[in-house]
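Observations on the model geometry
Residues per chain, in single letters:
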Amino acid sequence: MSTVLPLPTPVLRNADRRGAREADKLAKRLRHQVGKAIADFGMIEDGDKVMVCLSGGKDSYTMLDVLLQLQKKAPVSFSITAVNLDQKQPGFPEHVLPDYLRALGVDFHIIEQDTYSVVTRVVPEGKTMCSLCSRLRRGALYTWAEQHGFTKIALGHHRDDLVATFFLNLFFHAKLSGMPPKLLSDDGRHVVIRPLAYVREADIAAYAEAKRFPIIPCNLCGSQENLQRKQVGLMMQQWERESPGRIETIARALGDIRPSQLSDPKLFDFLSLGHRDGAARADAHAWLAGEPHAAPAPGNDSDA
Ligand code: SF4
């Protein structure tokens, strides 16, 4: 039988030091990426009241943590309130977030609204509930933000969410559109910001682990993830395995769009490209109708 010998203390200390250095580097990278996204998109300005939506998942914990760090040294003054919606899913540990937030000393509020019963009543058994659940959650949070005068609503979507949404729209909705870092809600009443827009999901997972956030899983209700989203997620994981860095390349491409190299005449005026002054143009109907344009007869020059 082999005996596992304990590592000598200096080796352990070196490993601890290396771990602490890595954690420091990661925290610095996250602050840098979040600060850059805030600046690039004008996410937060002086006097903003920012409502940070906290679900209890790794992404929203990380967002809150990094925003609180940045707030201390920010060039503008803004307030932060963490808000969670208790949707009354069975098994939701109600005390976890209040305990965490109280210990942190951050202003917070828990909205209680039983969207779970609505979702289970409306969605047929066996179908995924996440889409309706998220819509109801968004509605409750946005309403609360409006009632309490918040000027920005911060959501914890990260770089990989932005890329996944782009592919979902591309593959299943024939649209070149994604999840923007800053957005005006459909009713024009809320400005939504995504401060983690530049942050890799893997970095968030490592950060959440290092910080030991008290994670509350989002599948307590037992609902399955939407199949299309799952497919896109698997595809992205495979790409990243086979070609590390590909997701970052795609994320960068989302911020470097050339309308003249795509095919949307609403974004780029292809009609005027190379158009000669006075030259007649015909629409698609005329092209398809097959009626030839009456060309002037040779020698029949009107100036003659
Ligand atoms: S897993 Fe459950 S709680 Fe989470 S979004 Fe889906 S339906 Fe809602």
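Values in this document were obtained by computation on a predicted structure and should not be read as measured data. (Residues numbered from 1 in each chain as written. Predicted model: local features only at pLDDT ≥ 70, side-chain atom pairs only at ≥ 80, totals over all residues.)

**What about the pairing of strand β1 (residues 49-53)?**
- Most of β1 is tucked away, with four of its five residues classed as buried.
- Sheet topology places β1 next to strand β2 (residues 79-86); five bridges connect them, and they run parallel. Each bridged residue has a counterpart across the sheet, and for Val52 the counterpart in β2 is Ala82.
- Since β1 and β2 lie parallel, the crossover through helix α2 (residues 58-73) that links them has a hand, and here it is right-handed. (Buried ≥ 20, exposed ≤ 12 C-beta atoms within 10 Å, placed from the backbone. Helix = DSSP H or I, 4+ residues; strand = E, 2+ residues; numbered from the N terminus. Pairing = 2+ DSSP bridges. Right-handed = clockwise from strand over helix to strand, strands pointing away.)

**Comments concerning the nonpolar core**
- Counting 43 residues, the largest nonpolar core has Met51, Val52, Cys53, Ile153 and Ala154 as its most contacted members.
- In this structure, Val52 is in contact with Met63, Leu64, Leu67, Ile80, Thr81, Ala82, Val83 and Ala154, ignoring residues within four places of it in sequence. (Core = buried A, V, L, I, M, F, W, Y, C linked by C-beta atoms within 7 Å. Contact = placed C-beta atoms within 7 Å.)

**Looking at the site of the ligand**
- In the vicinity of the ligand, nine residues are found, and the nearest of them are Cys130, Cys133, Cys218, Cys221 and Ser223.
- Of the residues contributing to the shell around the ligand, the split by class is five nonpolar, four polar and no charged. (Near = placed C-beta within 6 Å. Nonpolar A, V, L, I, M, F, W, Y, C, P; charged D, E, K, R; others polar.)

**A few points about the pairing of β2**
- For β2 and strand β3 (residues 108-112), the ladder comprises five bridges, and the chain directions are parallel. If you follow Asn84 over to β3, its bridge partner there is Ile110.
- Between β2 and its parallel partner β3, the chain crosses via helix α3 (residues 96-104), and the hand of that crossover is right-handed.

Read these as layout, nothing more, since geometry by itself doesn't imply function.
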